[in-house]
Amino acid sequence: YLADIKGNWIGTSSFNYYLASYSLHLNGFSVSTMSQYENMMNAFNGALQYIGSIAKTQNLAYNILLWTSFVRFYSIEYPTASNFSAIGSGQLQYLQMSGSPNQIFDLTGQQMVIFSIAGYCPKKSLVTYDRANGLISTELDYSAFMSNDICASALSPSVFGY
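Here the structure is a predicted model, which is why all the values come from computation and not from measurement.

(A) Local environment of the overall build of the chain. Tallying secondary structure elements over the chain gives 6 helices and 7 strands in all. For the chain, the proportion of its 162 residues judged to be buried stands at 27%. If you take every contact in the chain between residues at least 6 apart in sequence, the share linking residues at least 24 apart comes to 46%. Only carbon and sulfur atoms are counted for the fraction: they give 55% of the accessible area of the chain, which is about 10,300 Å².

(B) Highlighting the environment of N63. Of note, N63 is situated in helix α2 (residues 60-69). The class of N63 is buried, set by a relative accessible area of 10%. Sequence separation of N63 and I51 is 12 residues, and the distance between their C-alpha atoms is 9.5 Å. Side-chain polar atoms of N63 contact the backbone oxygen of Q58, separated by 3.3 Å.

(C) Layout of the sheet that holds strand β2 (residues 20-25). Pairing in this open sheet of 4 strands is antiparallel, and the strands run β1-β2-β4-β3 from one edge to the other. Each edge of the open sheet carries a strand with a single partner, namely β1 (2-4) and β3 (71-75). In this sheet, adjacent strand axes meet at a mean angle of 20° when their direction is disregarded. Pairing analysis gives 4 bridges linking β2 to strand β4 (residues 92-97), with the strands arranged antiparallel.

(D) Structural view of the nonpolar core. M40, F44, L48, I51, F70, Y74 and L95 are the most contacted members of the largest nonpolar core, which totals 14 residues. Listed by contribution, the elements that provide at least two residues to this core are α1 (34-55) and β4. The leading source of residues in this core is α1, at 7 residues. Non-local contacts of F70, meaning those with residues more than four positions away in its chain, are made with A47, L48, I51, L95, Q96 and M97. Of all hydrophobic cores here, the second largest spans 5 residues; its members include I114, C121, L140 and F145.

(E) Expanded view of the state of the cysteines. Under the counting rule described, the total for this entry stands at 1 disulfide. Between the sulfur atoms of C121 and its disulfide partner C151 the distance amounts to 1.9 Å. Torsion about the S-S bond of the C121 and C151 cystine: about 95°, corresponding to right-handed handedness. Here C151 lies in helix α6 (residues 149-154) and C121 lies in strand β6 (residues 119-130), a separation of 30 residues in the sequence. Judged by its relative accessible area of 0%, C121 is buried.

(F) Inspection of the packing of aromatic side chains at higher detail. Tallied over the full model, the rule gives 3 aromatic pairs. Aromatic pair F29 and Y37: ring centres 6.4 Å apart, planes at 70°, arrangement edge-to-face. Judged by centre distance (6.2 Å) and plane angle (70°), the rings of F44 and Y74 are edge-to-face. Remark: Y74 occurs in strand β3 and F44 occurs in helix α1; sequence separation between them is 30 residues. You can call Y74 buried: its relative accessible area is 5%.

(G) Inspection of a nonpolar patch on the surface at higher detail. On the surface, Y1, W9 and I10 cluster together to form a nonpolar patch covering roughly 320 Å² of accessible area. Along the polypeptide, W9 turns up in the loop between β1 and β2.

Thresholds, definitions, all that
Residues numbered from 1 in each chain as written. Predicted model: local features only at pLDDT ≥ 70, side-chain atom pairs only at ≥ 80, totals over all residues. Heavy atoms only, no water. Helix = DSSP H or I, 4+ residues; strand = E, 2+ residues; numbered from the N terminus. Buried < 20%, exposed > 50% of the residue type's maximum accessible area, 1.4 Å probe, protein only. Contact = heavy atoms within 4.5 Å. Areas by Shrake-Rupley, 256 points an atom, 1.4 Å probe, with all protein chains shown as cover. Polar contact = N/O pair within 3.5 Å; in protein donor to acceptor, adjacent residues only side chain to side chain. Pairing = 2+ DSSP bridges. Axes fitted to C-alpha atoms, helices over the stretch in contact; angles between N-to-C directions. Core = buried A, V, L, I, M, F, W, Y, C linked by side-chain atoms within 4.5 Å. Disulfide = S-S within 2.5 Å. Phe/Tyr/Trp six-rings, centres within 6.5 Å; stacked < 30°, edge-to-face > 60°. Patch = residues over 30% accessible without salt bridge, like charges linked within 9 Å, V, L, I, M, F, W, Y side chains within 5 Å. Salt bridge = Lys/Arg side-chain N within 4 Å of Asp/Glu carboxyl O.

Written as structure tokens, this is what we have:
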């Protein structure tokens, strides 16, 4: 089953395939109580919250690996098992990311920040991502950028076509 970043499941009218970040795999799924299902979903949510907290302090390369390779296994029979070999032949359920780097790059409102050996350039720009073509773009205020010595020395405007 796919779920989008707004929590809508595939098959519902509000599901957006292009925002589908999560894939839930239920194998021989059977529960005796609603609390077993809730415990599984809470374990998946906890794992996402945990890696989300790690991701905030890591660079783009690390995050691409983290978010495209993330998988959290869970067993209804052995809910405290912490790894695949411990779970064994139990009812193995798992949550993983959809695997698309589009989910990582498509971050509306992100800003590009430029650093150099001279320091931090305080002039920020809004970054946009063209999902259809896989292009990341940004716009800088050229005169504001060039009027700051740290910015001007950090990145040549020729990189942006000036």
